[in-house]
2 protein chains.
Amino acid sequence: MKKSRLFTPGPTPVPEEVLLELARPVGYHRSAEAKAILGEVVAGLQYVLQTQQPVYVLTSSGTGAMEAAVTNLVAAGEKVILGTAGRWGERWRGILRAYGAEVVAVEAAPGEAVTPERLAEALEQHSDAVAVFTTLCETSTGVGHDIAAFGQLLRHRRAVLVVDGISGIGAMECRMDAWGIDVLVTGSQKALMMPPGLAYIAVSPKGWQKIETTPVRNFYFDLRRYRKALADGPDTPFTPANTLIRAQRLALERLRREGIEQVWCRHERLARACRAAVQALGLELFARRPASALTVIRVPASLDGSAVLKKLEKDFGFKLADGQDTLKGKIWRLSHMGYVDPFDVLGAIAALELVLAQSGLSVALGAGVAAFQRAYAAE
Amino acid sequence: MKKSRLFTPGPTPVPEEVLLELARPVGYHRSAEAKAILGEVVAGLQYVLQTQQPVYVLTSSGTGAMEAAVTNLVAAGEKVILGTAGRWGERWRGILRAYGAEVVAVEAAPGEAVTPERLAEALEQHSDAVAVFTTLCETSTGVGHDIAAFGQLLRHRRAVLVVDGISGIGAMECRMDAWGIDVLVTGSQKALMMPPGLAYIAVSPKGWQKIETTPVRNFYFDLRRYRKALADGPDTPFTPANTLIRAQRLALERLRREGIEQVWCRHERLARACRAAVQALGLELFARRPASALTVIRVPASLDGSAVLKKLEKDFGFKLADGQDTLKGKIWRLSHMGYVDPFDVLGAIAALELVLAQSGLSVALGAGVAAFQRAYAAE
């Protein structure tokens, strides 16, 4: 017997009651019942994002909602500052370029975060920038950004703060309104404990001011249409993935029952324990400012990182994620966001220990597990 | 006891084994298994669309794939011909306008189809048009277009033929390659027997020639990215709704087992029987050139059409669709596409008879049902 266990930073495990909800017969998406469900999902997302603003539900990948942020906010030729620490920061750049924005990039080296100091510098040098784009949790390296500090920098400036929270929302502390985030994007398939297919986006009044003076260049991602449909309905402008919306309601109810601050604490605690385990095994953490959504481990120079992950999956059923692009084979990415409890992660640590020992690395079996237990119990 | 039965022209009923597949645990979307599944889905869609071209899988509503067609094919300022017979033709117009196309519209009155003659005329007058956009099945009125004849008109012209087949593909005969369709769009939630959330688009070599000379103005809907990911994978450029893809495979297998020509025949037979029932009840069909995906009935002047539908749902659980916009309350739309058998439709006819009688219309109970049976048995 070998079970399959998913530790990729998206998709993540989905609670059983959410899966079962997905198997219920499909209903009509314009019914009163569907509108009530959408209303509940929006309220649940407002709670999770910590915002009073409506949250728009898009049927798309997270990238679609990122594109919605760009096309609604930035006119061709306008200057924006990009705080990028990896692949998902680069995703912003790709979209911004496709829409003709002038991108001033503040780049962090792999494993480093963009600091508030460097962002402040860029804002001084480029006071004509209309927006700052950045990433809450850079899953390509495991870095988390200090979004609260970024928000402070922008509070009294014209530029809007746009945050890709796809991988962090529902795992890491993030308070849209209190922190001064103007556009916050997330997706269903990470800490919101759902399959992929839905993306979410909320906009502050300051964000809407910018949108209203920016020419429309899009149709499906035109946020005015979502605002109108939600206000008139609650409804969506286009046929939504309504079975996913229905299931998202249940996953959001879970987060509400637990309490969002407790959810953030739980992830922080798991992350701390996981980092302790990694270090007890003599391995190095890749992220200098680690996010609590996932733990990224530098592969020891003596090992073929991709081969270890393949063995981990083949022999024991644990699916971790490899590095991407130039980091392939160089890092292991272990997600502990969403529907994950301590014993799930503990199992992954134990399996990793076994595979590392079999791969010729000198590891004391149980050392990581014990460190995990100690750190988890510490408070 | 009252069962809920869905007869809206999207979403439509989903086979039980497809629903159950949706409840299976979520997997990683970049695995070899996920690639194999996507490959099978693409092959199944090629069969259903009757094309040798790759079919791209988008995580979006059908409108998203329509936008992909527009933004990839048409540069701002270019002239296109729009053959429109209702709301979904108007959807093309909305997207085309958002992208700055010059739209020459060939409009059919509600319930009428755009004829090949009128399209030929428009093509003569506007030989500089780069594309013709139209709709296979206009579900707002129940009209089906003669796409084969449209294809003939364009075969030796420069302009490409772009067809919204969202509501028709998998129900009505449509042969992308043989009929000379250059871009064909469809969606998961109609005759493909799935929940909403996925859209599909295929492009002919002639279509790709046009795309390759058109500036990219988009990111998420940039078809070059889908072409590359599919060729390199099979994969998608962005995290797809992978549980829906897995389930779509099962629904496509059903269509393949039955055989696509048999599927088209089945829908035609259901539609013929349904039309016979409507006429036997003394009601009038709304579409002059009816599609076989749904039957649209004109509401007798003495009745409040919306009230009848509400009663039909409240008393008997049958959910038909009202008219939209100016047709609200004026027509009833009964879908028989996808996972629908004769006795499903027969039940809907029987329930409609009961409600009509209760609403004061003079109907012979059973007259519609008997006509349905006779027409269905006729061959």
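Note that this is a predicted model, so its numbers are computed, not measured.

**A word on the sheet that holds strand S2 (residues 55-59) of chain A**
All names here are of chain A.
Then step 1. Here we have seven strands laid out as an open sheet, ordered S2-S10-S9-S8-S5-S3-S4, and mixed in their pairing. Each edge of the open sheet carries a strand with a single partner, namely S2 and strand S4 (102-107). Neighbour-to-neighbour, the strand axes of the sheet open up by a mean angle of 20°, direction not taken into account.
Then step 2. As defined by bridge partners, S2 adjoins strand S10 (residues 198-203) across five bridges and the pair is classed as antiparallel. Among the inter-strand pairings, threonine 59 is bridged to a residue of S10, identified as leucine 198.
Then step 3. In the packing of helix H6 (residues 147-154) onto the sheet, contacts are made with strand S5 (131-135) and strand S8 (160-164), and the angle to S8 comes to roughly 160°.

**A closer look at the pattern of salt bridges**
Then step 1. As enumerated under the stated definition, the model contains 50 salt bridges over all chains in all.
Then step 2. A salt bridge links A:Arg175 to A:Glu261, with the shortest nitrogen-to-oxygen separation between them at 2.7 Å. On the criterion of sequence distance, the pair formed by A:Arg175 in the loop between S8 and helix H7 (176-179) and A:Glu261 in helix H11 (residues 260-280) is long-range, its members being 86 residues apart.
Then step 3. Under the relative-accessibility criterion, A:Glu261 is labelled partly exposed at 45%.
Then step 4. The partner of B:Glu284 in a salt bridge is B:Arg288, and the shortest N-O contact between them spans 3.6 Å.
Then step 5. When salt bridges with common partners are traced through the structure, they connect A:Glu21, A:Arg24 and A:Arg246 into a single cluster.

**Some thoughts on the interface of chain A and chain B**
Then step 1. If you look at the interface, chain A gives 45 residues, while chain B gives 45 residues.
Then step 2. Together, the buried faces of chain A and chain B total about 3400 Å²; carbon and sulfur atoms form 68% of this surface.
Then step 3. When the buried surface of chain A facing chain B is broken down by residue, A:Val26, A:Tyr28 and A:Phe219 rank first, second and third, together holding 18% of it.
Then step 4. Across the chain A-chain B interface, the total number found is zero salt bridges.
Then step 5. Of all the secondary-structure elements, those providing two or more residues to the side of chain A that touches chain B are helix H1 (16-22), helix H3 (62-73), helix H4 (87-98) and helix H10 (242-258) of chain A.
Then step 6. Counting residues per element, the side of chain A that touches chain B draws most heavily on H4(A), which supplies four residues.
Then step 7. A per-class count over the side of chain A that touches chain B returns 23 nonpolar, 17 polar and five charged.

**Comments concerning the relation of the copies chain A and chain B**
Then step 1. Placing chain A over chain B gives an RMSD of 0.0 Å and needs a rotation angle of 180°, together with 0.0 Å of translation along the axis. Both copies of the chain, as the preceding transformation shows, are related through a two-fold rotation axis.

**Some details on the environment of A:Val308**
All names here are of chain A.
Then step 1. Tracing the chain through its elements places valine 308 in helix H12 (residues 305-316).
Then step 2. On the accessibility criterion, valine 308 (3% relative accessible area) is buried.
Then step 3. When the C-alpha atoms of valine 308 and proline 110 are compared, they prove to be 22 Å apart, with 198 residues separating the residues in sequence.
Then step 4. Each residue touching valine 308, except ones within four places of it in the same chain, is listed here: Leu303, Trp332, Leu352, Val355, Leu356 and Ser359.

**Section: the sheet that holds strand S15 (residues 331-335) of chain B**
All names here are of chain B.
Then step 1. If you trace the four strands from one edge of the open sheet to the other, you get S11-S12-S15-S14, paired in antiparallel fashion. Each edge of the sheet is formed by a strand with only one pairing partner; in this case those strands are strand S11 (284-285) and strand S14 (321-322).
Then step 2. With respect to the sheet, helix H11 (residues 260-280) is in contact with S11, strand S12 (294-298) and S15, its orientation differing from that of S12 by roughly 15°.

**So, the nonpolar core**
Then step 1. Core analysis: the largest hydrophobic core is formed by 206 residues, its most contacted members being A:Phe133 and B:Phe133.
Then step 2. With residues up to four places along the chain from it excluded, the contact list for A:Phe133 reads A:Val70, A:Val74, A:Val80, A:Ile81, A:Leu82, A:Gly83, A:Trp92, A:Leu96 and A:Val162.

**Some points on the UniProt feature "domain: Aminotransferase class V" (unreviewed entry) in chain A**
Then step 1. UniProt records the feature "domain: Aminotransferase class V" (unreviewed entry) at residues 27-324 of chain A, using the numbering of this structure.
Then step 2. Along residues 27-324 of chain A, the helical share is 44% and the strand share 18%, with 39 Å between the first and last C-alpha atoms.

**Side note on the packing of helix H5 (residues 116-125) of chain B against helix H6 (residues 147-154) of chain B**
If you want to describe how two helices pack, look at the angle between their axes and the distance between the axes.
Residues and elements named next belong to chain B.
Then step 1. At a minimum axis distance of 10 Å, the contact between H5 and H6 shows a crossing angle of 25°. The orientation of H5 relative to H6 falls into the category roughly parallel. As H5 packs across H6, the resulting crossing turns out to be right-handed. The residues of H6 that touch H5, namely those facing Pro116, Leu119, Ala120 and Leu123, are Ala149, Phe150, Leu153 and Leu154.
Then step 2. For the contact of H5 with H6, a count of residues per class yields eight nonpolar, no polar and no charged.

**Quick look at the pairing of S4(A)**
The side chains of a regular strand alternate between both faces of the sheet.
Residues and elements named next belong to chain A.
Then step 1. Bridging between strand S3 (residues 79-84) and S4 involves six bridges; their strand directions are parallel. Each residue of the ladder has a partner; that of threonine 84, found in S4, is glutamate 107.
Then step 2. Taking the sense of rotation as the criterion, the β-α-β connection linking S3, H4 and S4 turns out right-handed.

**Here's the deal with the domain arrangement of chain A**
Residue and element names in this part refer to chain A.
Then step 1. Domain assignment breaks chain A into domain 1 (16-258) and domain 2 (260-377).
Then step 2. Centre-to-centre, using C-alpha coordinates, domain 1 lies 28 Å away from domain 2.
Then step 3. On the side of domain 2, 25 residues touch domain 1, which itself brings 32 residues to the contact.
Then step 4. Roughly 2400 Å² of surface becomes buried between domain 1 and domain 2 when both sides are summed, with 58% attributable to carbon and sulfur atoms.

**As for the environment of A:Arg266**
Residues and elements named next belong to chain A.
Then step 1. Note on placement: arginine 266 falls in helix H11.
Then step 2. Considering only alpha carbons, one finds arginine 266 and proline 13, 253 residues apart in sequence, at a separation of 16 Å.
Then step 3. Ignoring anything within four residues of it in the chain, the contact list for arginine 266 reads Glu258, Gly338 and Val340.

**Regarding unusual backbone geometry**
Residues and elements named next belong to chain A.
Then step 1. The omega torsion of the bond from glycine 10 to proline 11 falls at -15°, within 30 degrees of zero and hence cis.
Then step 2. On the secondary structure map, proline 11 appears in the loop between strand S1 (5-6) and H1.
Then step 3. Non-glycine residue aspartate 325 carries a positive phi angle of around 55°.
Then step 4. Of note, aspartate 325 is situated in the loop between strand S14 (321-322) and strand S15 (331-335).
Then step 5. Overall, aspartate 325 belongs to the exposed group, its relative accessible area being 55%.

**Things to note about the pairing of S15(A)**
All names here are of chain A.
Then step 1. With five of five residues buried, S15 is to be regarded as a mostly interior element.
Then step 2. Here S15 shows a buried face lined by Ile331, Arg333 and Ser335 and a second buried face lined by Trp332 and Leu334.
Then step 3. Pairing between strand S12 (residues 294-298) and S15: five bridges, direction antiparallel. Looking at the pairing, arginine 298 lines up with isoleucine 331 of S15.
Then step 4. In this sheet, S15 lies alongside S14 in antiparallel orientation, the contact comprising two bridges. In the strand pairing of S15, alanine 321 is matched with arginine 333.

Here is what the cut-offs are and how they apply
Residues numbered from 1 in each chain as written. Chains lettered and ligands numbered in written order. Predicted model: local features only at pLDDT ≥ 70, side-chain atom pairs only at ≥ 80, totals over all residues. Heavy atoms only, no water. Pairing = 2+ DSSP bridges. Helix = DSSP H or I, 4+ residues; strand = E, 2+ residues; numbered from the N terminus. Axes fitted to C-alpha atoms, helices over the stretch in contact; angles between N-to-C directions. Contact = heavy atoms within 4.5 Å. Salt bridge = Lys/Arg side-chain N within 4 Å of Asp/Glu carboxyl O. Buried < 20%, exposed > 50% of the residue type's maximum accessible area, 1.4 Å probe, protein only. Buried area = accessible area lost by both parts, 1.4 Å probe. Nonpolar A, V, L, I, M, F, W, Y, C, P; charged D, E, K, R; others polar. Least-squares fit on C-alpha atoms with pLDDT ≥ 70 in both. Core = buried A, V, L, I, M, F, W, Y, C linked by side-chain atoms within 4.5 Å. UniProt positions renumbered as here; feature names shortened; annotations may be inferred. Parallel < 35°, antiparallel > 145°, perpendicular 65-115°, else oblique. Left-handed = near helix turned anticlockwise from the far one by under 90°. Right-handed = clockwise from strand over helix to strand, strands pointing away. Domains from an automatic or database assignment.

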